[in-house]
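# Residue-level structural notes
The residues making up each chain are set out below.
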Amino acid sequence: SGQGGHAYLQEWLWWAGLLCMGIGEAANFAAYAFAPATLVTPLGALSVLVSAVLSSTFLNEQLNVHGKIGCILSILGSTVMVIHAPQEEEVSSLESMAEKLKDPGFIVFAVCVLVSSLLLIFVAGPRYGQSNVLVYVLVCSAIGSLSVSCVKGLGIALKELFSGKPVLKEPLGWVLLMCLVICISIQINYLNKALDIFNTSVVTPIYYVLFTTAVMMCSAILFKEWQHMVLDNIIGTISGFLTIVSGIFLLHAFRDMPFTPDLLPLFL
């Protein structure tokens, strides 16, 4: 994948993993329809925590002291974020969603994301993609922020569809679906490139931080989630996010480092 190939598409195990991820993302999709993206996306850190615990249980991978502390920090940070979660502006129909998408602030943000992604893919990618982990991860993160916006719009469309409204005749729903398919395809392609070139313990925390930051920026611009927040909730949300980031960093950065009592200073 890192060399531009797609041989992994011939592996049944890769497709099985993709199917399992699809089921998980379907549940994630439902969450975006009912909760602010600024809350849902950071809670994705719990999937990293669960994968670490399952790997330790079923794959005999060692979860050292740093990893256990990282798991605890991720849980604490997620709890703080849930308590201080921002409230997004009410968007109950595709017409309201269309008005949000026409907002000049979001249009500028989307154009910046697309231009920067094209520069990363066609200019920075061939030169630095094999040596700098940020190139392909930034592409996934930037495009991912737009995919979350598409998911929010499709969630609203599905709620309208189940309530009996003629949503299938609305062109916006189909446009959002097409954009979502394109965004996810780009994310999968370049995330596979990054994982093929660099170590998973490097890619995962960097991707989580950049992706979550991009989604929070996009959601704040599109749904005005931070506009009516009081200071303590703002501090709580940012503190919870930084706590999760610290936990993810400890979980991955020191995953291969052995930790025994012999490493402690003698005076302890």
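For every chain, the first residue of the written sequence is number 1, and numbering continues from 1 along that sequence. With the structure being a predicted model, the display of local features is reserved for residues of pLDDT at least 70 and the display and counting of side-chain atom pairs for 80 or more, all residues being used for whole-chain, interface and lining totals. Just so you know, side-chain values use all the structure's heavy atoms and leave hydrogens and water out.

## Quick word on the pattern of salt bridges
Should a side-chain nitrogen of Lys or Arg be within 4 Å of a carboxyl oxygen of Asp or Glu, the pair is scored as a salt bridge. With the rule as written, the count across this model stands at 1 salt bridge. Across the pair Lys 165 and Glu 160 runs a salt bridge whose closest N-O atoms are separated by 3.7 Å. Relative accessibility decides the category of a residue: with a 1.4 Å probe and only protein chains considered, values under 20% of the type maximum give buried, values over 50% give exposed, and everything between is partly exposed. Residue classification places Lys 165 among the partly exposed positions, given a relative accessible area of 43%. On the basis of relative accessible area, Glu 160 is assigned to the buried category, the value being 7%.

## Here we look at the environment of Leu 172
With respect to the helices and strands, the residue Leu 172 is situated in helix α8 (residues 171-197). Between the C-alpha atoms of Leu 172 and Ala 98, which are 74 residues apart in sequence, the distance is 7.5 Å. Those residues in contact with Leu 172, other than ones at most four positions away along the chain, are Leu 94, Met 97, Ala 98 and Leu 101. In this description a helix means any DSSP run of H or I spanning at least four residues, a strand means any run of E spanning at least two, and both kinds are numbered starting from the N terminus. The contact rule is simple, with two residues in contact once any of their heavy atoms fall within 4.5 Å.

## Digging into the domain arrangement of the protein chain
For the purposes of this description, domain bounds are those given by an automatic or database domain assignment. For the protein chain, the assigned domains read domain 1 (27-88 + 230-256) and domain 2 (92-224). For domain 1 versus domain 2, the distance between C-alpha centres works out to 20 Å. Every contact between the two is made by 21 residues of domain 1 and, on the other side, 22 residues of domain 2. When domain 1 packs against domain 2, the two sides together hide about 1,900 Å² of surface, and 73% of this comes from carbon and sulfur. The quantity reported as buried area is the accessible area (1.4 Å probe) lost by two parts once they are put together, taken as the sum for both. For the domain 1 face of the interface with domain 2, the top three residues by lost area are Phe 29, Tyr 32 and Phe 241, together amounting to 29%. For the pair domain 1 and domain 2, the interface holds 0 salt bridges. Under the rule applied, a polar contact is a pair of N or O atoms within 3.5 Å (in protein, one hydrogen donor and one hydrogen acceptor; residues adjacent in sequence only if both atoms are side-chain atoms). The interface formed by domain 1 and domain 2 holds 0 residue pairs in polar contact (both at pLDDT 80 or more) in total. Broken down by secondary-structure element, the contributors of at least two residues to the side of domain 1 that touches domain 2 are α1 (12-34), α2 (37-40), α3 (45-58) and α10 (231-253). The element best represented in the side of domain 1 that touches domain 2 is α10, accounting for 5 residues. Among the residues making up the side of domain 1 that touches domain 2, the classes are represented as 14 nonpolar, 5 polar and 2 charged. Three classes are used, and their members are as follows: Ala, Val, Leu, Ile, Met, Phe, Trp, Tyr, Cys and Pro are nonpolar, Asp, Glu, Lys and Arg are charged, and the others, Gly among them, are polar.

## Some points on the packing of aromatic side chains
We call Phe, Tyr and Trp rings a pair once their centres come within 6.5 Å, taking the six-membered ring for Trp, and we label the pair stacked below 30 degrees between planes, edge-to-face above 60, and tilted otherwise. Throughout the structure, instances matching the rule amount to 3 aromatic pairs. The interplanar angle of 90 degrees and the centroid separation of 5.0 Å between the aromatic rings of Trp 14 and Trp 15 together place this pair among those described as edge-to-face. Consider the rings of Tyr 207 and Phe 211, whose centres lie 5.6 Å apart with planes at 20 degrees: the pair is stacked. A residue pair is termed a helical-turn pair when its members lie 3 or 4 positions apart in one helix, as Tyr 207 and Phe 211 do in helix α9 (residues 200-223) at 4 residues.

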